[in-house]
Amino acid sequence: MIGLPLAFLYPWALLGLLTLPVIWYLLRLTPPKPRDEVFPPLIILQKLIRKEETPAKSPWWLTLLRLMLAGLAIIAMAAPVWNPRDTILRQDGQLLLVIDDGWASGDIWPEMKQTALDIVGEARANNRVLSILFTSDPTAENTAGLTADSAGALIEASANRSIRPVHDKAAAAIRNILSENPIGEVVYLSDGLDRNQESRALLSAIEATGTEPTVILPDITNLVALGPVTNEPGKMTGEIRRGGNGASLPVRVTGYDSDGLPITNADALFADGDSETTFEFTPPVEIRNQIVRVVVDRENTAGAVQLLDDSNRRRIVGLISGQSADISQPLLSPLYYIRRALAPYSDIREADTANIEEAASNLIEQGVSAIVMADVGRLAEATADRLAEYISQGGTVIRFAGPRLATAPDSPILPVELVEGDRFLGGALSWETPKSIAAFEPGTPFFGLETPRDVIVNRQVLAVQSRQLEERTWARLEDGTPLVTAEKRGAGLIVLIHVNSDNNWSNLPLSGSFVEMLRRTVNLSRSTAASAPGNEGLRLPPLEILDGRGNLVAPPPEIKPLVIEQSVTPQTSTDHSPGFYGTEDGFYALNLIDDRDQLEPLDLSSAEATRVIQGFAGQQSTALKPWLLVAAAMLFLLDCLAVLWFAGFFKTLVGLRKPASATAGLLLALALPLAAFGGSVVTAERLSAQTIETPTPIDAVTSDGVDFSAALVTRFAYVETGISQIDDVSRAGMLGLTRFVATRTALEPGQPIGVDIESDELSFYPFLYWPVTSETPVPDAATMARVDAYMKQGGSVIFDTKNQFSGMLNNNAQSS
């Protein structure tokens, strides 16, 4: 620390700052790179500057910029951290790192992982051996006796899981590690939740190591979980829980369909100090039945998700009695007890007509899940066909036996064949006494219900004995005669209760068992394979599971099929993550949070020798290295722009904005360099035809025949050699030079002109361009005198030998 909340992970890298004076000295003595100019040779006349104006060293501001660039790069390599955490490790020996990687770590997993990597980095500096224990699967192998590099790779590849940590098994794993090797230090990265006796066992095992353990805790005040969801009459409700009892916290809950599209949402509020609240979805039941996933928004944990299957869908049940309703005596209605039993769990659609055919058709068109028929006797053929089709497509028909059905035992909509008439149990004309209900057998939907000891049956309809009767019987009387029979037809189900729906034949409709039996039967309508009767031991393959952040994903290979057992509620485990199990046609929803999950903070009051750190490294510290590298990159960009500016790149761009400048630059780049080296890409004839303009005649000829037109406008001149190809190239070069000077200076020269070195007046031209080739004749003495006088009067002559002398030297060298 340097008086600021700033630290460096690699402080030795700051030694690079000592090289800054050397860098400054080198930069100060390094002038800007010279600028390269494309031919023409005459361009040096325009670019000539005094020697004292050429910079001998880099400008101070460029030197400062480069020093800042080097300094930022060196400081970034030292990995500075703003508001760093103090060193966590304080002891020696083997380090045991215990990590809660369960569902509650989903929202803070990046911070937990970074903290674990920081601890591994501290262990690497001291060459310590590590053992890593993930509490979601503490039995995993190859996590003990690791080097720092192996431990870091293991943590980098890890991800939290959507299950509860198994603290009791983690405690056993710690004892096993301790029995093999002594542990010098223990660091526990907790998710902050207390799991009662399991957490006590884990903390006890950590303290048994004989070290002063360190526990790092997150703030779980805003950790939110969603409890079981109930589809009640008129609404769908659920309980929302949070860790602790902090300030008020608004949350939003959204329901999604099987395609992942939001259907409805609701807002809820945790008041100050409250740890629980509820939400309500109030769309129509047809909309609520499409919800398969309920999620607390902006919560990235599997605990904030509740999955719904067919058992959560509220059934729409149609009631048919075949009798007109008697409003004055509702207790005498055959549907009275049925209606009261189903109302808490289903939406009731009651037929408003005594016509069975019309009532059945109307209910089927409303899309009911089940139809309950209270002592309906004979059915018309059309009605029977319509009900048979409804059953084959997945519908459920529940019938109650009564006096009418007893006289019509040949009805096609029955699970078993009936004996005509009814059986009396008790009374003056019967030798038998009323019967009670036998215990419900395994493999039936009623298995697990408490046997109703106070229920007796005085009258019933008997079934004809057959080979299928045994397997179609769901409930019996104590003498073995069927009380409830059922048969699966197509995708649907026919269920017959062999007593009437009122209390004339039995007191079963008055009992609580009647409510539960009817609810379970109705819930089988269009049910999943998991809830179908007789499917004990069914193995459902994983369809989709929740990952550690509460997203539905494809199941990984380690997830095993879910075995459904009667009267046993499946639980999440390392082999069974929460999710959907089964197929798209029918699935079972395995949820993580149930009534036993309470989000209580971890109690460390009994751990007196434990050091507690609040919050993970990622929640408090800020790495400055990325920002410093970005700043260094920006300075590097400025340095590149400065170099381009020194090279004249931007002035060239400004000059090329004018079409004439662009044409001149192109000609200078192509014509003159090729002419200087004796090469050609574009023929001289095309150059003269496309780019050379004929000088406009000027009437400035005196009476004695002297032409003064060249003195009126500054012109660049070239010596005519009499060779058309060379003269055309010379003319093109001078034209390009003329245009270039016009764009870069205030001078606007006239069109270039060719002169006869022997006869034309030379004093009108500031300089001459004289191409010399092997074919050029040697000037006579008079001509050389004219040239000598021209040069003494201030004129300049540029001789272009076109590499003739170098070629001659090369030839002489080869010949010798």
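Residues numbered from 1 in each chain as written. Predicted model: local features only at pLDDT ≥ 70, side-chain atom pairs only at ≥ 80, totals over all residues. Heavy atoms only, no water.

Draft legend 1. Expanded view of the sheet that holds strand β9 (residues 249-256). Taken in spatial order, the four strands line up as β10-β9-β12-β13 in an open sheet, and their pairing is antiparallel. Lying at the two open borders of the sheet, with one neighbouring strand each, are β10 (262-270) and β13 (305-307). On average, adjacent strands in this sheet sit at an angle of 15 degrees to one another, irrespective of strand direction. Here β9 pairs with strand β12 (residues 293-296) via four bridges, running antiparallel. Within β12, the position partnered with Tyr-256 by the bridge is Arg-293. (Pairing = 2+ DSSP bridges. Helix = DSSP H or I, 4+ residues; strand = E, 2+ residues; numbered from the N terminus. Axes fitted to C-alpha atoms, helices over the stretch in contact; angles between N-to-C directions.)

Draft legend 2. Structural detail: the pattern of salt bridges. This model, assessed by the stated rule, comprises 28 salt bridges. Its salt-bridge partner being Asp-639, residue Arg-66 comes within 2.4 Å of it at the nearest N-O pair. Taken together, the positions of Arg-66 in helix α3 (residues 60-77) and Asp-639 in helix α15 (residues 625-646) put the pair 573 residues apart, joining distant regions of the chain. Judged by its relative accessible area of 21%, Arg-66 falls in the partly exposed class. Judged by relative accessible area, Asp-639 falls into the buried class, the value being 10%. A salt bridge links Asp-410 to Arg-378; its shortest N-O distance comes to 3.2 Å. Taken as a pair, Asp-410 in the loop between α12 (403-406) and β18 (423-424) and Arg-378 in the loop between β16 (370-374) and α11 (381-392) lie far apart in primary sequence, 32 residues in all. Under the relative-accessibility criterion, Asp-410 is labelled exposed at 55%. Assessed through its relative accessible area of 59%, Arg-378 is described here as exposed. (Salt bridge = Lys/Arg side-chain N within 4 Å of Asp/Glu carboxyl O. Buried < 20%, exposed > 50% of the residue type's maximum accessible area, 1.4 Å probe, protein only.)

Draft legend 3. Representation of unusual backbone geometry. For Ala-79, which is not glycine, the phi torsion reads 55 degrees and is therefore positive. Assignment of secondary structure puts Ala-79 in the loop between α3 and β2 (80-82). Look at Ala-79 and you get buried, because its relative accessible area is 8%. Despite not being glycine, Arg-298 shows a phi value in the positive range, around 65 degrees. Its place among the elements puts Arg-298 in the loop between β12 and β13.

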